[in-house]
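What follows is each chain in one-letter form.
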Amino acid sequence: MKKGITTSTAEKKETPEGLWSKCPECGYICTMTELRENLFVCPKCNHHHRIGSAEYFEILFDDNKYEVLFENIRSKDQLHFTDLKNYGKRLEEIWAKTDITDSIRIGKGNLKGIPFMVGCMDFEFIGGSLGSVMGERIARAIDVCIKERIPLMIICKSGGARMMESAYSLMQLAKVSGKLSQLTDAKIPYISLQTDPSFGGISASFGMLGDLNIAEPGALIGFAGPRVIKETIKKDLPEGFQRSEFLLEHGFLDFIVPRKEMKEKLATVLSLFKN
Ligand SMILES: [Zn+2]
């Protein structure tokens, strides 16, 4: 507003040609346009860059057409929590800066003609943390899934609970798990897709409750971070610890799917469930 820029973030489609991106894994430098065309996967080393809900929706939904639900549900500073700054003020600042209204967006659309509900976390909104709003949006999405018989996928990208909401945040674990069991009773599939990073309360509850628990390659998935674990067990951690490949090998995941094969694979899985 200060600089007179009035285009909202959602309307900013084209990335300027001059922008470059460096791969954090191998150092390969390419233009943002090239990276975008490659679905934000490094063309050289296959590193999956972190992306937000808008990008995932564009990858998954047919013709990038979808309806965003429950945007009117907003976070509140119920506990008057202050850390480095006041929680209410923190929320105001983020809302002013971005069009993302909370740490999860619910999109309803079609994937290869199959109606599909996707809840996708946005890491840029307080680390994709689980607050009351995320819990409530997922709960309401599940109600729609049951009513209209639509399969659900949640794309996890989160550091865990939102500390500013304390117990209210933790309650969402039970609430969402409870709602998911209603979905199970209705015999509607739920897929949990874990991306980099999926940590804390989410990976300890609904992140691992999928009929299918799947992940992107190289994603960090766990409960506590490696430093905390190392200090607790006083042992060095094995190579590749908490990466999706390690978790697959140890039976925590059903399969790993590269971003470029995601849509195809999900369409196959959904039609198998349906039939
Ligand atoms: Zn790379």
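The structure presented is a predicted model; accordingly, all values stated were derived computationally and were not measured.

(A) Spotlight on the coordination of the zinc ion. Within the protein, the atoms that donate to the zinc ion are C23 (SG), C26 (SG), C42 (SG) and C45 (SG), at distances of 2.2 to 2.4 Å. The exposure class assigned to C45 is partly exposed, which follows from its relative accessible area of 31%.

(B) Just the nonpolar core, in detail. Of all hydrophobic cores here, the largest spans 28 residues; its most connected members are M117, L152, I154 and F206. Counting residues per element, the ones that place at least two in this core are β4 (104–111), β5 (114–121), α4 (132–148), β6 (152–158) and α5 (166–185). The element best represented in this core is α4, accounting for seven residues. Contacts of I154, omitting those with residues within four sequence positions, involve I104, G119, M121, I138, Y190, I191, S192, L193 and F206.

(C) Fine view of the UniProt feature "binding site: Zn(2+)" (unreviewed entry) in the chain. UniProt tags C23, C26, C42 and C45 as "binding site: Zn(2+)" (unreviewed entry). Across 23 residues, the annotated set stays spatially compact, with a maximum C-alpha separation of 8.7 Å. Looking at the element boundaries, C23 is found in the loop between β1 (20–22) and β2 (29–31). Non-local contacts of C23, meaning those with residues more than four positions away in its chain, are made with Y28, C42, C45, H47 and H49. Summarising the element assignment, C42 is placed in the loop between α1 (32–37) and α2 (53–60). For C42, a relative accessible area of 3% gives the class buried. Every residue in contact with C42, bar those within four places of it in the chain, is listed here: C23, C26, Y28, L35, H47 and H49.

(D) Region of the structure containing the domain arrangement of the chain. Taken domain by domain, the chain consists of domain 1 (18–49) and domain 2 (51–273). Computed from C-alpha atoms alone, the centre-to-centre distance between domain 1 and domain 2 is 24 Å. Taking both sides of the interface into account, the surface hidden between domain 1 and domain 2 amounts to around 790 Å²; carbon and sulfur atoms contribute 57%. Our count for the contact surface shared by domain 1 and domain 2 stands at one salt bridge.

(E) Structural view of the environment of F70. Tracing the backbone through its elements, the reader meets F70 in the loop between β3 (66–69) and α3 (87–97). Taking the C-alpha atoms as reference points, F70 and P258, separated by 188 residues in sequence, lie 29 Å from one another. Those residues within four positions of F70 in sequence are excluded, and the remaining contacts are I106, R137, R140, A141 and V144.

(F) Spatial organisation of the environment of C156. For C156, the location among the structural elements is in strand β6. Given the relative accessible area of 1%, C156 is considered buried. Through-space distance from the C-alpha of C156 to that of L183 is 18 Å; in sequence the pair is 27 residues apart. In this view, C156 contacts M121, S192, L193, Q194, T195, P197, S198, I202 and G207; residues no more than four positions away in its chain are not counted.

Reading the values: rules and limits
- Each chain has its residues counted from 1, running along the sequence as written.
- Thresholds applied to this predicted model are a pLDDT of at least 70 for local features of residues and 80 or more for the giving and counting of side-chain atom pairs; totals over whole chains, interfaces and linings are not thresholded and use all residues.
- Calculated side-chain values reflect all of the structure's heavy atoms, with hydrogen atoms and water omitted.
- Atoms are scored as donors when they are N, O or S and lie within 2.8 Å of the metal, with 3.2 Å used for Na, K and Ca; no water is included, so coordination may look incomplete.
- Throughout this description, buried means an accessible area under 20% of the type-specific maximum (1.4 Å probe, protein chains only), exposed means over 50%, and partly exposed covers the range between.
- The definition of a nonpolar core used throughout is a set of buried Ala, Val, Leu, Ile, Met, Phe, Trp, Tyr and Cys residues joined through side-chain atoms within 4.5 Å.
- Helix and strand assignments come from DSSP, with helices taken as H or I runs of at least 4 residues and strands as E runs of at least 2, each series counted from the N terminus.
- Residue contacts are counted whenever heavy atoms from the two residues lie within 4.5 Å of one another.
- UniProt positions are given in the numbering used here, feature names are shortened, and annotations may be inferred rather than shown by experiment.
- Each domain's extent is set by a domain assignment, obtained either automatically or from a database.
- The term buried area denotes the loss of accessible surface (1.4 Å probe radius) that occurs when two parts are joined, taken as the sum for both partners.
- Throughout this description, the term salt bridge denotes a Lys or Arg side-chain nitrogen within 4 Å of a carboxyl oxygen of Asp or Glu.

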